Amino acid sequence: MRRAALILTALGLVSAGASGAEYAPVFNATLLGGQYFYQGSNSNVAGNASVVAGAMIKANERWSLLPTYAGNYQGTKGVTDAVPAGSLFQQEMDHRASLTGIYSVAGTKWRLKPSASYKYEFLKQTRDETWGHGLFDFEKIAVGFEAENVYKEPFSYRLGLDVYRIRFPDYQSLESQAPTDPLGNPLNRAGFNRNVLDTYNTQLTAAGTMPYPASEPVLALQGSYSLLYQRFSDQNVIDARDQIGGAGRADYWQSVGGSAGYPRPVRLFDTDCRLDSKLSASFAYNLSNQNYFDAKTTQFFADAYSYYSFGMGPSLSLAWGEAKHPTAVSASFSYTRFQYVARQAQDGNGTYTGSRLGQNLYQAGLSGVYPIAPGFSLRAQVNLLWARSNNQFEQSYAYNYRTANYLMGFTYEY
């Protein structure tokens, strides 16, 4: 109880002295060290650390509160992070505080969950940068609401609405700082305004889980749909002359996904184990009204940022020992295809080939967890990613590459 009160006081979100309230603290910390590899080069050994602290506060029979803080430092890049050309070393750090209310509707299985959160993410592109001055540092302010019906524990379906703003306080487009060409003519292009990356976002989500067959379940099914409307607050659409028009840029991103899990007990080497095999698939489509004008070749591409993607892949997890802190090994593989609707691929000289730009991603992962003391576990993981594209022009961005990383360390859960 004392630890819960200290966490809550540190968070400053609720009073530890609230009469009649019941507390259940939650704490998770991970410290990992490892390396990142990119096209045969490797980074120095660095560490990753993360912490999640919070508490479930039951105020009465209807209301509960969940204040949380989550912090993350990443010194070893992930294989799915963006890979700009020549950027081998990169550090990230983010902090997020949130408060979620949970209201149980009397006489029903519905739970209503209003929420609010604030997140700030720091990004260092080079070693000599200082924290807090990264070009792509951003903050996210969000409020949301979710309605969940737990019709059969642990299965449920839920509907959610989230509204949030993303702001890049240190980013300014180059053209906004020098808005004329060498002859003094105005450059009324996409980067004419200053805060071209800032967005206002509205997201609708529907998701659910169910056993199949319902009478004697064998599979655990999961499905989800999401619609994100993203309005760029300071970016105008360009026309075929590379001049800004009256409309602002707006993107509509939709995705559907699902998985089928097959959990079952097995016995290996005279040990009772739990084997969970899963097959997942997803499809996403981004519809953008923004166009692209290549000043070097004077070619114009409408709907240059519209694309779709689909992916699928299996995963396996084998666990044994205590259910809450098991020994476990897992493996996964996934394939993802990105296909632009109108943007064309280029050859090594930058000449457009006439084919639509596409990229294939193949990702594999191995991980293991071994408990060594109450709450403490050893953890290790290896991740590999291959990217292949029909775009061979890579002066500003890499489309064909191989990355890998390994991480090992400790996890503590309370």
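The present account deals with the structure reproduced in this document. (Residues numbered from 1 in each chain as written. Predicted model: local features only at pLDDT ≥ 70, side-chain atom pairs only at ≥ 80, totals over all residues. Heavy atoms only, no water.)

1. Some details on the pattern of salt bridges
Then, number 1: Summed over the entire model, instances satisfying the criterion amount to 9 salt bridges.
Then, number 2: Between Glu146 and Arg158 there is a salt bridge whose closest N-O contact spans 3.6 Å. In this pair, Glu146 is assigned in strand β7 (residues 138-152) and Arg158 in strand β8 (residues 155-167), connecting sequence segments 12 residues apart.
Then, number 3: Among the residues examined, Glu146 registers a relative accessible area of 22% and is labelled partly exposed.
Then, number 4: According to the relative accessible area criterion, Arg158 is partly exposed, its value standing at 31%.
Then, number 5: Arg267 is the salt-bridge partner of Asp272, the closest N and O atoms lying 2.7 Å from each other.
Then, number 6: Owing to a relative accessible area of 54%, Asp272 belongs among the exposed residues under this scheme. (Salt bridge = Lys/Arg side-chain N within 4 Å of Asp/Glu carboxyl O. Helix = DSSP H or I, 4+ residues; strand = E, 2+ residues; numbered from the N terminus. Buried < 20%, exposed > 50% of the residue type's maximum accessible area, 1.4 Å probe, protein only.)

2. Examining the packing of aromatic side chains
To describe a pair of aromatic rings, you give the distance between the ring centres and the angle between the ring planes.
Then, number 1: Overall, the coordinates contain 20 aromatic pairs when judged by the stated rule.
Then, number 2: Consider the rings of Phe138 and Phe168, whose centres lie 5.6 Å apart with planes at 45°: the pair is tilted. Of this pair, Phe138 sits in strand β7 while Phe168 sits in the loop between β8 and α2 (174-177); the two residues are 30 residues apart in sequence, bridging distant segments of the chain. Taken individually, Phe138 and Phe168 each receive the classification buried, so the pair is uniform in this respect.
Then, number 3: Aromatic rings pair up to connect Phe27, Phe376 and Tyr412 into one cluster.
Then, number 4: The ring of Tyr305 carries Arg343 above its face, with NZ or CZ at 4.9 Å from the centroid. (Phe/Tyr/Trp six-rings, centres within 6.5 Å; stacked < 30°, edge-to-face > 60°. Lys NZ or Arg CZ within 6 Å of the ring centre and 35° of its normal.)

3. A look at unusual backbone geometry
Then, number 1: A cis amide bond links Glu153 with the next residue in sequence, Pro154, at an omega value of 0°.
Then, number 2: Structurally, Pro154 can be placed in the loop between β7 and β8.
Then, number 3: With an omega of -10°, the peptide bond running from Tyr212 to Pro213 counts as cis.
Then, number 4: Summarising the element assignment, Pro213 is placed in the loop between β9 (199-212) and β10 (219-238).
Then, number 5: In the Ramachandran plot, Gln39 falls in the positive-phi region, its phi being about 55° despite a non-glycine side chain.
Then, number 6: With relative accessibility at 39%, the residue Gln39 sits in the partly exposed group.
Then, number 7: With phi around 50°, Asp303 is a residue other than glycine that occupies positive phi space.
Then, number 8: In this fold, Asp303 is placed in the loop between β14 (299-301) and β15 (307-320).

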